[in-house]
Amino acid sequence: MSSWWSEHPDLESVARRGRSELDEESVAAEQDAELLRKRRRTLEQMCFEWMSRGDLVTIAVTGRSFEGQLTAVVNDLAVMTTKTIDVAINITLAGLIRSDTRAVFAGTTGERSVSSFRAQLGRYEVDASPVRLIGEPFDVVGVIEASTDDHVVLRDAQGVEWALPRTRIAAAIRT
């Protein structure tokens, strides 16, 4: 059964135009909402979205690039699994973060046992296993002896003690 105005060509034409205008306004409103959502996202939220979707991601820090799957994104910490290593990255020091290919891996909600890059450095201290710390102007391997509010004390294989400003450490790789 058709509507009563379908028998009146003029009214049917008005109804079609009205439906078309409503559809166009709805699409425009959705596009505006998506643009507003993108403008309000933090870097962490963007990385979390890429992790959830399973994107292949590249992150560059201090002249080095890492490509792989994000497995944890919490506050300033991004953990990436590459083909050969797991790297903890301080995303506040990243030179670039890029989604190369969408949905390459199974998406994940991420591992949440550590809540920040600083906490990850503390975990490495407790583990007492060798870790590579990359920052500007250093790239050093050793065991973290202390992770403090403002620096990390690391002892390298030659027994040299390093005091590295925590705000300068861009990435950490367990070796």
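Given the structure is predicted, the values throughout are model-derived calculations rather than measurements.

## Let's talk about the overall build of the chain
Then, number 1: The number of helices and strands found in the chain is 3 helices and 10 strands.
Then, number 2: In the chain, the succession of helices and strands from N to C terminus is α-α-β-β-β-β-β-α-β-β-β-β-β.
Then, number 3: Over its C-alpha trace the chain gives a radius of gyration of 25 Å, far above what one expects of a compact globule, namely 16 Å for 175 residues.
Then, number 4: Projected onto its principal axes, the C-alpha positions of the chain cover 90 × 30 × 30 Å.
Then, number 5: If you take every contact in the chain between residues at least 6 apart in sequence, the share linking residues at least 24 apart comes to 54%.
Then, number 6: Roughly 10400 Å² of accessible area belongs to the chain as shown, and the carbon and sulfur atoms make up 53% of that amount.
Then, number 7: Separation of charge centres in the chain, based on 21 positive and 27 negative side chains, amounts to 2 Å.

## Let's talk about the pattern of salt bridges
Then, number 1: Throughout the structure, instances matching the rule amount to 10 salt bridges.
Then, number 2: A salt bridge links R64 to D139, with the nearest nitrogen and oxygen atoms 3.1 Å apart. Remark: D139 occurs in strand β7 (residues 139-147) and R64 occurs in strand β2 (residues 64-74); sequence separation between them is 75 residues.
Then, number 3: With relative accessibility at 26%, the residue R64 sits in the partly exposed group.
Then, number 4: Take D139: its relative accessible area is 34%, and that puts it in the partly exposed class.
Then, number 5: We note a salt bridge from E161 to R155, for which the minimum N-O separation is 3.3 Å.
Then, number 6: Sharing partners across several salt bridges, the network here consists of R41, E49, R53 and D55.

## Concerning the sheet that holds strand β5 (residues 96-101)
Then, number 1: Taken in spatial order, the 10 strands of this open sheet run β5-β1-β2-β3-β4-β10-β6-β7-β8-β9, and their pairing is antiparallel. For this open sheet the edge positions go to β5 and β9 (161-165), each flanked by a neighbour on one side alone. Strand after strand, the sheet turns through a mean of 40 degrees between neighbouring axes, direction not considered.
Then, number 2: Pairing of strand β4 (residues 86-90) with strand β10 (residues 169-174), which is carried by 3 bridges, proceeds in the antiparallel orientation. In the strand pairing of β10, V87 is matched with I173.
Then, number 3: Helix α2 (residues 43-53) contacts β1 (56-61), β2 and β5 of the sheet and is inclined by roughly 90 degrees relative to β2.
Then, number 4: Where helix α3 (residues 117-127) meets the sheet, it contacts β3 (77-81), β4, β6 (131-135), β7, β8 (151-156) and β10, and its direction lies at approximately 35 degrees from that of β10.

## Things to note about the nonpolar core
Then, number 1: Residues I59, F66 and L70 are the most contacted members of the largest nonpolar core, which totals 19 residues.
Then, number 2: Only α2, β1, β2, β3, β4 and β10 provide two or more residues apiece to this core.
Then, number 3: With sequence-adjacent residues up to four places away left out, L70 is seen in contact with C47, M51, V57, I59, A78, V79, M80 and T108.
Then, number 4: Listed in part, the 18 residues of the second largest apolar core include L121, Y124, L164 and I169.

## Let's talk about the pairing of β2
Then, number 1: Where β1 meets β2, 6 bridges bridge the pair, whose relative direction is antiparallel. Note that in β2 the partner of A60 across the bridge is S65.
Then, number 2: As consecutive antiparallel partners, β1 and β2 are separated by 2 residues, and within that stretch T62 has a phi angle of approximately 40 degrees, a positive value.
Then, number 3: Inspection of the sheet shows β2 paired to β3 by 5 bridges, in the antiparallel sense. From the neighbouring strand, L70 faces β3, where its bridge partner is M80.

Definitions and cut-offs
- Residues numbered from 1 in each chain as written.
- Predicted model: local features only at pLDDT ≥ 70, side-chain atom pairs only at ≥ 80, totals over all residues.
- Heavy atoms only, no water.
- Helix = DSSP H or I, 4+ residues; strand = E, 2+ residues; numbered from the N terminus.
- Rg over C-alpha atoms; globule rule 2.2 N^0.38 Å.
- Contact = heavy atoms within 4.5 Å.
- Areas by Shrake-Rupley, 256 points an atom, 1.4 Å probe, with all protein chains shown as cover.
- Lys, Arg positive; Asp, Glu negative; His and termini not counted.
- Charge placed at Lys NZ, Arg CZ, Asp CG, Glu CD.
- Salt bridge = Lys/Arg side-chain N within 4 Å of Asp/Glu carboxyl O.
- Buried < 20%, exposed > 50% of the residue type's maximum accessible area, 1.4 Å probe, protein only.
- Pairing = 2+ DSSP bridges.
- Axes fitted to C-alpha atoms, helices over the stretch in contact; angles between N-to-C directions.
- Core = buried A, V, L, I, M, F, W, Y, C linked by side-chain atoms within 4.5 Å.

Any functional reading would require information that these geometric values do not contain.
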